[in-house]
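Here is how the chains run, residue by residue.
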Amino acid sequence: NATRAACDAVLDAWYPGIEGGAAVAATLFGDVSPAGRTPVTFYRATADLPPLADTGMYPNASSGSRGATYRFFEGAPLYPFGHGLSYTTFAYSSLSLDAASHSACDAVGVTVTVTNT
């Protein structure tokens, strides 16, 4: 929380590989327009984390599991799964599904056109 309050931006390069240094430098010097999304949820405090012994992926009343994934977190995370910014705007159009209806466990095919605006 203190970092978030003190900084205008955070550039975090997890496992960037052999070209990671060049990628970070290109971002810092403005040679590229960075965009990224968090691959995990960042909780505000360790007290927000589910118990380590709770490995149930879904809520289960009989076991007492509240669901050990970000999807069942009821608080406000510091950065939710998929959080991120871009230095451009996007337009979405031509959204279509592969069928008019689906059952709860069916795979859903989605097609969409995404344009930088």
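Above this note sits the structure.
Everything numeric in this text was worked out from a predicted model, so none of it was measured.

Analysis parameters
- The numbering scheme is per chain: residues are counted from 1 as the chain's sequence reads.
- At least 70 in pLDDT is required for a residue's local features to be given in this predicted model, at least 80 for side-chain atom pairs to be given and counted, and no such filter applies to totals for whole chains, interfaces and linings, which use all residues.
- Excluding hydrogens and water, the side-chain values take into account all heavy atoms of the structure.
- Going along the chain from the N terminus, every DSSP run of H or I of four or more residues is numbered as a helix, and every run of E of two or more is numbered as a strand.
- Exposure classes here rest on a 1.4 Å probe applied to the protein chains alone. A residue is buried below 20% of its type maximum, exposed above 50%, and partly exposed in between.
- Residue contacts are counted whenever heavy atoms from the two residues lie within 4.5 Å of one another.
- With residues, only the protein chains shown are counted as cover, and all accessible areas are computed by Shrake-Rupley using a 1.4 Å probe.
- Method remark: on a 1 Å grid restricted to protein atoms, a set of points is classed as a cavity if a 1.4 Å probe fits but cannot get out and as a pocket if it is open with protein on both sides within 12 Å along at least five of seven lines; lining residues have an atom within 4 Å of a point.
- Grid points are joined across faces, edges and corners, and a volume is the space filled by probe spheres set on the points.
- Each residue receives one of three labels: charged for Asp, Glu, Lys and Arg, nonpolar for Ala, Val, Leu, Ile, Met, Phe, Trp, Tyr, Cys and Pro, and polar for the others, Gly being one of them.
- Nonpolar side chains (Val, Leu, Ile, Met, Phe, Trp, Tyr) are joined into patches within 5 Å and like charges within 9 Å, using only residues with over 30% relative accessible area and no salt bridge.
- Counted as salt bridges are all cases of a side-chain nitrogen of Lys or Arg within 4 Å of a carboxyl oxygen of Asp or Glu.

Let us look at the overall build of the protein chain. Counting secondary structure elements, the protein chain contains two helices and two strands. When its helices and strands are written in sequence order, the protein chain yields α-α-β-β. Taking all 117 residues of the protein chain together, 9% fall into the buried category. Counted over contacts in the protein chain with a minimum sequence separation of 6, partners at least 24 positions apart contribute 50%. Summing over all exposed atoms, the protein chain offers an accessible surface of approximately 9200 Å²; the carbon and sulfur share of this is 59%.

Empty space within the largest pocket amounts to approximately 1100 Å³. Around the largest pocket, the lining is made up of 30 residues, and of these V10, L11, D12, G36 and T38 lie nearest the centre. Broken down by secondary-structure element, the contributors of at least two residues to the lining of the largest pocket are α1 (2-6) and α2 (20-28). At five residues, α2 tops the list of elements feeding residues into the lining of the largest pocket. Grouping the amino acids of the lining of the largest pocket by side-chain chemistry returns 18 nonpolar, eight polar and four charged.

We now examine unusual backbone geometry. At S94, a residue that is not glycine, the phi angle is positive and equals roughly 55°. Mapped onto the secondary structure, S94 falls in strand β1 (residues 90-97). Overall, S94 belongs to the exposed group, its relative accessible area being 55%.

Taken together, the side chains of F90, Y92, L95, L97, V108, V110, V112 and V114 present a nonpolar region at the surface, about 780 Å² in accessible area. The set of elements that each furnish at least two residues to the nonpolar patch consists of β1 and β2 (110-116). Here the nonpolar patch takes four residues from β1, the largest share from any one element.

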